[in-house]
Amino acid sequence: MGQPMLSAVFAIAIAAFLAPMLSAKLDDRAGWLLALAPMGAFLWFVSCIPLVAGGDVVTESIAWVPALGIEVAMRLDGLSLLFALLITGIGALIVLYAGAYLSDHHHLGRFYAYLLVFMMAMLGLVLADDLIAMFVFWELTSVASFLLIAFQHEKSVSRRAALQALLITAGGGLALLAGLLLLGIAGEGWRFSDLDVAAVESHASYYAIMVLVLLGCFTKSAQVPFHLWLPNAMNAPTPVSAYLHSATMVKAGVYLLARLNPTMGGEMGWSTVLVVVGASTAVVGAVLAIRQTDLKRLLAYTTVTVLGQLTMLIGTNTTYGLQAFVLYLLAHSLYKGALFMAVGAVDHATGTRELAKLGGLIRLMPLTGGAVALAAFSNAGLPPFFGFIAKEFAYAGLIEMGITGWIVTAVMIVTNALLLAAAGLVFIRTFLGPRGHYPREPHEVSVPMWLGPMLLAIGGLVLGAWHHLPETWLVNAAVQVVARGTVDVNLYLWGGVTPAVIASLLTVSLGVFFYTFRHHVRRHIARWRVLWGVSGDLVWDRSLKKLFRFAGMLASNWQHGSLRLHLTLLSLVLSSAVFLALAAGGENLLVGGEYTPLSVPAVVGCLLALVGAGAAAVMRGRLALVAALGASGLGLALFFLSANAPDVATTQLMVETLTVVFLALVLRGMPAIPGVSAEGRLSRASHILVSLFFGLSVAVALLVAVNLPLAGNIASWYMENSYPGGHGGNVVNVILVDFRAFDTLGEIVVVALAGLAAATLLGGGRMTAMTRHGEPEFDSVLLRQGLRPLAGLLVLVSLVLLWRGHNLPGGGFIGGLVAATGFILVVMTFGNRFARALMWTRPTFLVGIGLGCAVGAGIIGLLAGEAFLTGLWIFPLGLPLGTPLLFDIGVFLTVFGSVMHMMQRLAGRVA
Amino acid sequence: MELLAALTAGGLAGIGMWLLLDRNLIRVVLGVAILGNAINLGVLTAGRFAGDEAAFVTATTVPADPANPLPQALVLTAIVIGFGLFAFALAVLKSVRESHGITTTDSVTEVTEEPAPDVDEPGFPSGQDDEDRVHARGRKG
């Protein structure tokens with residue numbers, strides 16, 4: 001593969017995809033197979049170590065959104081490599097561990113999938129060089145961690161913890177997106193490696209960028225005051241905690257801080273903010289940690305502490321500080337991953353994580369105990385473990401800073417001492433001393449469960465004792481990426497009696513003191529009960545509750561569900577917009593047009609339309625109402641006729657006829673309509689005002705439109721090309737079936753769908769029977785004799801209209817409506833059964849054929865090498881036959897079929 | 001003509017809106033029809049009423065002063081689609097009446113909107129009690 005980094009990300013994604021299937025077949029053994037993906041990636045990254053340690057970087061990219069210049073650009077440098085190794089290496093161990101830990105869980109496959117998706121996102125995050133691609137992976141980690149934390153979704157604490165983590169990290173993610181966009185603009189580049197440092201620092205939005213990016217990083221890395229979500233995320237199964245809190249999720253924020261340190265970390269407040277926030281987080285985490293009696297929560301709070309220290313170390317921006325950052329990052333990932341997994345194993349074996357119930361486990365679980373011992377030594381920062389070097393360098397880095405450094409060092413000594421005490425609790429209290437009271441008889445755990453902690457813990461020892469290995473191969477390259485300039489890396493276990501060593505000694509003695517007198521310490525801390533009363537979780541819950549209440553209030557006020565209020569608001573806004581535009585445009589908008597002279601039929605038609613509609617609006621009698629509405633439509637048809645639009649007038653006439661029939665058929669089953677006066681006086685008045693306002697605005701908008709000169713001469717183009725181009729004299733019809741046939745196709749689809757939907761709604765219960773066996777509405781011999789020829793005539797006329805429509809008034813729409821009218825007479829007098837027999841087939845079938853004809857007419861054009869729906873003509877025996885005619889037949893059948901389909905469900909009686 | 005048509009369209013739109021605002025669903029459906037008519041008339045008006053004959057040509061002649069055919073084509077299909085909408089509204093009216101026995105807008109809203117199935121009251125536990133005991137039940141090592 002030419003692009004191994006993308007392939008690595010992709011391979012893990014594929015593993016995630018396959019996980020549910022594999023695990024369904026192989027149960028927990030699937031873990032061994034699935035771990036191959038991260039393992040393979042790990043080996044590839046290992047093979048990159050010499051290259052990267054030599055100062056080179058590996059890059060690759062594929063275009064993603066070329067229009068915006070966004071690519072998935074990957075870049076492997078020292079920092080990315082360190083993270084990639086941790087993510088894939090620990091990831092592979094976690095996959096194995098999870099298989100054993102959750103072996104009897106019925107959703108193990110789902111768990112694997114979530115875990116691998118998370119791993120994929122995390123790997124993409126640290127490899128991405130493109131700002132936007134990085135952000136997408138960043139958000140993906142938030143989503144995946146949500147799924148992982150909520151894995152035991154049947155427990156409300158898990159759901160709550162997952163939601164909290166998602167809201168906090170995704171909320172920070174929004175800020176980060178804004179920050180990254182600003183950064184890309186300010187830095188004149190969309191890659192981390194392209195950002196112009198000078199341009200960013202001199203840019204006006206530097207502080208905005210800093211605040212936004214820091215919000216994103218601090219929420220992700222659980223810095224005070226956003227640290228809430230991390231301890232609560234302990235509700236997830238232990239493999240999740242081990243992975244999220246050692247190498248991944250929470251380190252994403254730290255990673256981005258380190259990545260941006262060279263760009264943002266000038267003398268402009270970045271360092272100060274990092275040191276202050278980091279130090280406070282460390283203190284808060286340590287104080288809270290020592291209070292815990294649950295092993296897992298204890299570890300979680302120590303993670304908060306370490307994250308604070310890491311943030312602070314980036315902020316020091318000193319030679320030792322940055323080295324300490326990289327060392328500490330590595331050391332912490334190793335020992336914290338080991339400790340979490342071991343605690344999970346203890347929990348698994350004994351059934352409890354309460355310190356008070358544990359003790360003396362070393363005899364029962366020697367391997368796990370050994371791993372915990374090694375990890376805890378590293379955690380406590382004792383020589384010769386890697387954690388010792390990390391701590392040593394951290395002190396040296398802080399002391400380098402001068403007077404602030406000394407103050408922070410003092411704070412750090414106390415927090416580190418607390419961490420040491422915590423490490424002591426984890427190992428001594430759990431594994432040494434008298435036998436505890438376990439809920440279950442303990443046993444040594446299976447291979448995958450002790451293998452991970454053991455490997456990681458040994459790693460901590462090896463890296464510390466043979467510290468030239470990490471120095472040469474890993475730390476150096478990573479430090480150079482984080483630093484603004486080059487830094488001389490030189491690791492040592494013993495550098496003589498330096499202030500750092502003294503600080504270390506102080507830490508150890510203080511830590512031993514804290515451990516010995518831990519009960520006193522706890523009691524003292526517990527005294528500040530006032531402080532625990534205002535714990536962040538309570539504030540969080542209360543504000544979330546308030547937010548929900550506010551959202552509920554807002555939603556119920558706006559989405560009240562009252563059609564009338566919605567309509568009132570809509571029409572008021574619409575008409576106000578019209579009048580505001582008019583006010584802004586001045587009165588001359590209403591004059592200047594040339595009006596065509598009035599004609600008597602037009603005036604009569606308009607009056608009829610208005611009076612009919614007005615009468616329909618206030619009348620109570622159902623029959624009168626139908627008649628009034630029909631009259632209104634007729635008036636409109638009259639007006640269309642006088643406006644030289646015969647086709648429109650005919651269509652209006654036919655539709656009005658059908659409207660009246662449909663309305664009459666539906667209304668006969670309806671209760672009487674209450675009078676207009678039934679409404680309250682006030683609401684009636686307001687409705688009149690709203691309607692008046694709306695009507696006026698429509699009229700005014702139209703007047704403004706007609707007073708402007710008509711743009712272009714589309715009409716004359718259609719007139720001139722109708723015959724030469726479309727072989728038709730009826731320009732309106734030629735437009736419908738030829739020039740704008742694609743529009744018409746869409747419109748008949750709408751008609752067909754409306755017909756199908758309406759018929760489905762109408763067709764419940766006994767109406768289904770009526771479709772087939774409906775008896776006539778009026779069982780009158782006289783009517784039958786009278787209507788039979790009329791119906792036949794109408795159908796005949798409809799065919800003529802269809803045929804001649806291309807040159808004279810008519811066409812598919814009108815023909816279809818006329819035919820439907822004729823058939824409605826048949827349905828009324830002879831019943832549905834007869835009408836069906838006369839149609840030969842079901843109306844839905846006709847609709848299908850109609851749409852098929854229309855589309856087929858278009859495809860013929862395609863087959864002939866022209867565009868879809870191009871009109872093609874042949875003239876056999878002088879008869880003009882063309883695809884537009886086929887199209888018009890399609891329109892005819894669709895309209896006819898749709899109307900009949902609805903009609904069958906409405907008219908007639910059940911036999 | 002234009003003035004007349006604009007005023008008629010405005011009048012019909014006003015009446016249509018007045019009907020739409022009514023409590024009774026039958027009137028609301030009528031409002032849909034009348035508002036549709038108003039809009040069709042409006043579209044036609046926007047194309048002006050210039051021209052003294054209908055838009056018909058022959059093989060040889062093109063009328064000197066024809067009506068504007070484009071808005072006519074648009075309105076023609078709009079009328080048919082408007083009918084489809086009206087028929088659909090009628091069908092909704094009928095089925096609402098048959099299944100709920102009511103014909104007023106606000107009570108239709110009440111009947112069809114069931115309360116959302118909330119999982120539980122957001123009385124979140126304080127988070128301090130951490131009960132991760134997945135495999136505590138029914139599992140012996």
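Everything below is about the structure shown above.
Residues numbered from 1 in each chain as written. Chains lettered and ligands numbered in written order. Predicted model: local features only at pLDDT ≥ 70, side-chain atom pairs only at ≥ 80, totals over all residues.

A.B. asks: Hey, could you run me through the interface of chain A and chain B in this one?
C.D. replies: One widely used convention gives an interface's size as the accessible area the parts lose upon coming together. Between chain A and chain B, the contact holds 111 residues from the first and 89 residues from the second. Here the element with the most residues in the side of chain A that touches chain B is helix H29 (residues 681-707) of chain A; it accounts for 14 residues. A per-class count over the side of chain A that touches chain B returns 66 nonpolar, 30 polar and 15 charged. (Contact = placed C-beta atoms within 7 Å. Helix = DSSP H or I, 4+ residues; strand = E, 2+ residues; numbered from the N terminus. Nonpolar A, V, L, I, M, F, W, Y, C, P; charged D, E, K, R; others polar.)

A.B. asks: Got a minute to help me understand the packing of helix H15 (residues 319-350) of chain A against helix H19 (residues 447-465) of chain A in this structure?
C.D. replies: A pair of packed helices is characterised by two quantities: the angle between their axes and the separation of those axes. All names here are of chain A. For the pair H15 and H19, the least separation of the axes is 8 Å and the interaxial angle reads 150 degrees. Here H15 lies roughly antiparallel to H19, going by the angle between them. Crossing of H15 over H19 shows left-handed handedness. Taken together, the residues of H19 that come into contact with H15 (itself represented by Ala 331, Leu 334, Tyr 335, Gly 337, Ala 338, Met 341, Ala 342, Ala 345 and His 348) are Met 449, Trp 450, Gly 452, Pro 453, Leu 456, Ala 457, Gly 459 and Gly 460. Grouping the amino acids of the contact of H15 with H19 by side-chain chemistry returns 12 nonpolar, 5 polar and no charged. (Axes fitted to C-alpha atoms, helices over the stretch in contact; angles between N-to-C directions. Parallel < 35°, antiparallel > 145°, perpendicular 65-115°, else oblique. Left-handed = near helix turned anticlockwise from the far one by under 90°.)

A.B. asks: Explanation requested: the pairing of strand S2 (residues 70-76) of chain A in the structure shown.
C.D. replies: Each regular strand shows side chains that alternate between the opposite faces of the sheet. Residues and elements named next belong to chain A. Within S2, 6 of the 7 residues are buried, which leaves the element mostly enclosed by the surrounding structure. Judged from the 7 bridges that link them, strand S1 (residues 58-65) and S2 form a sheet pairing that is antiparallel. The partner of Glu 60 across the bridge, within S2, is Met 74. Between S1 and S2, which pair antiparallel one after the other, the connecting turn spans 4 residues, and Gly 69 there sits at a positive phi close to 70 degrees. (Buried ≥ 20, exposed ≤ 12 C-beta atoms within 10 Å, placed from the backbone. Pairing = 2+ DSSP bridges.)

A.B. asks: Which parts of the structure should I look at to understand the nonpolar core?
C.D. replies: If you look at soluble globular proteins, the nonpolar side chains tend to sit buried side by side. Residues Ile12(A) and Leu116(A) are the most contacted members of the largest nonpolar core, which totals 222 residues. Per-element accounting of this core gives the leading share, 21 residues, to H15(A). Ignoring sequence-local partners within four residues, the contact set of Leu116(A) consists of Ile12(A), Ala15(A), Ala16(A), Ala19(A) and Leu34(A). If you look at the next biggest cluster of nonpolar residues, it comprises 145 residues, including Leu885(A), Met902(A), Ala54(B) and Leu93(B). (Core = buried A, V, L, I, M, F, W, Y, C linked by C-beta atoms within 7 Å.)

A.B. asks: Mind showing me how you'd approach the packing of helix H1 (residues 2-20) of chain B against helix H2 (residues 25-46) of chain B here?
C.D. replies: All names here are of chain B. Their axes nearest at 7 Å, the elements H1 and H2 cross at an angle of 160 degrees. Considering the angle they form, H1 stands roughly antiparallel to H2. The two elements H1 and H2 meet at a crossing, and its hand is left-handed. Listed contacts from H2 to Glu 2, Ala 5, Ala 6, Thr 8, Ala 9, Leu 12, Ala 13, Ile 15, Gly 16, Met 17, Leu 19 and Leu 20 of H1 are Arg 27, Val 28, Leu 30, Gly 31, Ile 34, Leu 35, Asn 37, Ala 38, Leu 41, Gly 42 and Thr 45.

A.B. asks: I tried to follow the environment of Leu123(A) on my own but got confused; where do I start?
C.D. replies: Residue and element names in this part refer to chain A. Mapped onto the elements, Leu 123 comes out in helix H5 (residues 108-127). On the neighbour-count criterion, Leu 123 (28 C-beta atoms within 10 Å) is buried. It is 9.3 Å that separates the C-alpha atoms of Leu 123 and Leu 85, two residues lying 38 residues apart in sequence.

A.B. asks: I would appreciate a short explanation of the environment of Asp294(A) in the present structure.
C.D. replies: Residue and element names in this part refer to chain A. As for its position among the elements, Asp 294 is in the loop between helix H13 (270-291) and helix H14 (295-316). A tally of 20 C-beta atoms within 10 Å means that Asp 294 is categorised as buried. Sequence separation of Asp 294 and Glu 354 is 60 residues, and the distance between their C-alpha atoms is 4.9 Å.

A.B. asks: How do you make sense of unusual backbone geometry when you look at a structure like this?
C.D. replies: Most peptide bonds take the trans form, and the phi angle of most residues other than glycine is negative. All names here are of chain A. In the segment running from Val 224 into Pro 225, the intervening peptide bond is cis, with an omega of 5 degrees. Along the chain, Pro 225 falls in the loop between helix H9 (206-220) and helix H10 (229-232). Notably, Ala 222 is not glycine yet its phi reads approximately 55 degrees, a positive angle. Relative to the assigned elements, Ala 222 resides in the loop between H9 and H10. A positive phi angle, close to 60 degrees, is found at Asn 644, a residue other than glycine. When you line up the elements, Asn 644 lands in the loop between helix H27 (622-642) and helix H28 (646-667).

Without other data, these values stay purely geometric and don't point to any function.
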